[in-house]
Amino acid sequence: MTSLDEKRNLSAMFRPRVAVALAILISPVPLHAAQSDCPDVLDYAEWQESRAQQWNFQSSALSIVGARHSRDPADGQFAEIDAAIEDFRPTVVFYEGPDRGMAATVSETIADFGESGFLRYLARERGVPARSLEPSPADQMKELQSRFPVHEILLFFTLREAVRLRDREGLSGAKLDARIGALLESMRSLAAAIGLDQSIGSVADLQQQSERLWPGRRWQDAEARWFSPTADDEETGGVVMGAINRADSSIRDRHFVRLLAEAVRAGERPFVVVGRNHVPMIAPALTCAVGMTAGER
């Protein structure tokens, strides 16, 4: 089977185009003068996917590709992302999540770091700066604190990362315990800096707090389906994890809109790859914030 690295060399002059054509560009328009007058991001609890759902958001000034989270180098979306960035020729790219690095080749980068790492790889190839879309963990925690108890917020961030390390990185046993122990150590400093009571300071504390919500269950057995903005906590057994995820996703989406609008205001041409469900959530607010009409999406 031809590798993605080889395919990119063979098809450089005949790249596939994404579903929404980027070749026909529209003249840039000014940023909306009063972003506060724009609609809020959509609430995941009120959104339902439709057959006609648009997962991309494009104009002459901004390009967003809504991606499926994948680590399969054979997934066709990676060729589409490669074609889209080549067509758009951005001045800056934004990726979802923290910078977890890159590998030596395209295929290895996708296998190890998914679409986020792939975008950083493409940016490095082109000499374009790459930045994270994410708000700081401190800002997320402070906003969540108005709606949820601190120990539930800490459980959410810790268990979600534990699930990622277990399911995507293949960690278990002592290795998983060590990584989560290190995470808790860093969270202790963060919580102290923003004035939060750190109720989970060790792996033993994590088990104790976890059993308050899931009696008799190990924290290592947290379920991935709990951590989705569309999760129904009663159906999944996540208790409150889905609700926190939904609130945190809205916090992140608002930050995405502000960050991208500011980049456009500064004269940048941002290219963005983000989990596809974020796109319909931010599209109305972002359309207003950058002054685009609906026909430009």
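Quick caveat: nothing in here was measured; it's all calculated off a predicted structure.

A. Molecular detail of the packing of helix H4 (residues 137-144) against helix H9 (residues 241-265). Between H4 and H9, the shortest axis-to-axis distance is 10 Å and the interhelical angle comes to 125°. In terms of orientation, H4 and H9 fall into the oblique class. The handedness of the crossing between H4 and H9 is right-handed. In this structure, H4 contributes Gln140, Glu143 and Leu144 to the contact, and H9 contributes Ile244, Ala247, Asp248, Ile251 and Arg252.

B. Structural detail: unusual backbone geometry. Here Arg89, not a glycine, exhibits a phi torsion of approximately 55°, which is positive. Along the chain, Arg89 falls in the loop between helix H2 (77-88) and strand E3 (92-95). For Val239, which is not glycine, the phi torsion reads 65° and is therefore positive. Relative to the elements of secondary structure, Val239 occurs in the loop between helix H8 (233-236) and H9.

C. Main features of the side chain of Gln58. The residue Gln58 is located in strand E1 (residues 56-58) in this model. Gln58 sits in the buried class, given a relative accessible area of 4%. Only 3.4 Å separates the side chain of Gln58 from the backbone oxygen of Ile64, close enough to count as a polar contact.

D. Representation of the packing of aromatic side chains. Across all of its chains, the model carries 7 aromatic pairs by this definition. On the numbers, 5.2 Å between centres and 85° between planes, the contact of Phe78 with Phe118 is edge-to-face. Of this pair, Phe78 sits in helix H2 while Phe118 sits in helix H3 (residues 106-126), and the two are 40 residues apart along the sequence. Both residues of the pair, Phe78 and Phe118, count as buried. Measuring from centroid to centroid gives 6.2 Å for Trp226 and Phe227, while their planes differ by 50°, and the two rings are tilted. Taken individually, Trp226 and Phe227 each receive the classification buried, so the pair is uniform in this respect. Put simply, the rings of Phe156, Phe157, Trp214, Trp226 and Phe227 touch in pairs and so form one group of aromatic residues. Above the face of the Tyr95 ring, Arg120 is positioned so that its terminal group lies 4.7 Å from the ring centre. Taking the ring centre of Trp55 as reference, the NZ or CZ of Arg276 above it sits at 4.2 Å.

Calculation criteria
- Residues numbered from 1 in each chain as written.
- Predicted model: local features only at pLDDT ≥ 70, side-chain atom pairs only at ≥ 80, totals over all residues.
- Heavy atoms only, no water.
- Axes fitted to C-alpha atoms, helices over the stretch in contact; angles between N-to-C directions.
- Helix = DSSP H or I, 4+ residues; strand = E, 2+ residues; numbered from the N terminus.
- Parallel < 35°, antiparallel > 145°, perpendicular 65-115°, else oblique.
- Left-handed = near helix turned anticlockwise from the far one by under 90°.
- Contact = heavy atoms within 4.5 Å.
- Buried < 20%, exposed > 50% of the residue type's maximum accessible area, 1.4 Å probe, protein only.
- Polar contact = N/O pair within 3.5 Å; in protein donor to acceptor, adjacent residues only side chain to side chain.
- Phe/Tyr/Trp six-rings, centres within 6.5 Å; stacked < 30°, edge-to-face > 60°.
- Lys NZ or Arg CZ within 6 Å of the ring centre and 35° of its normal.

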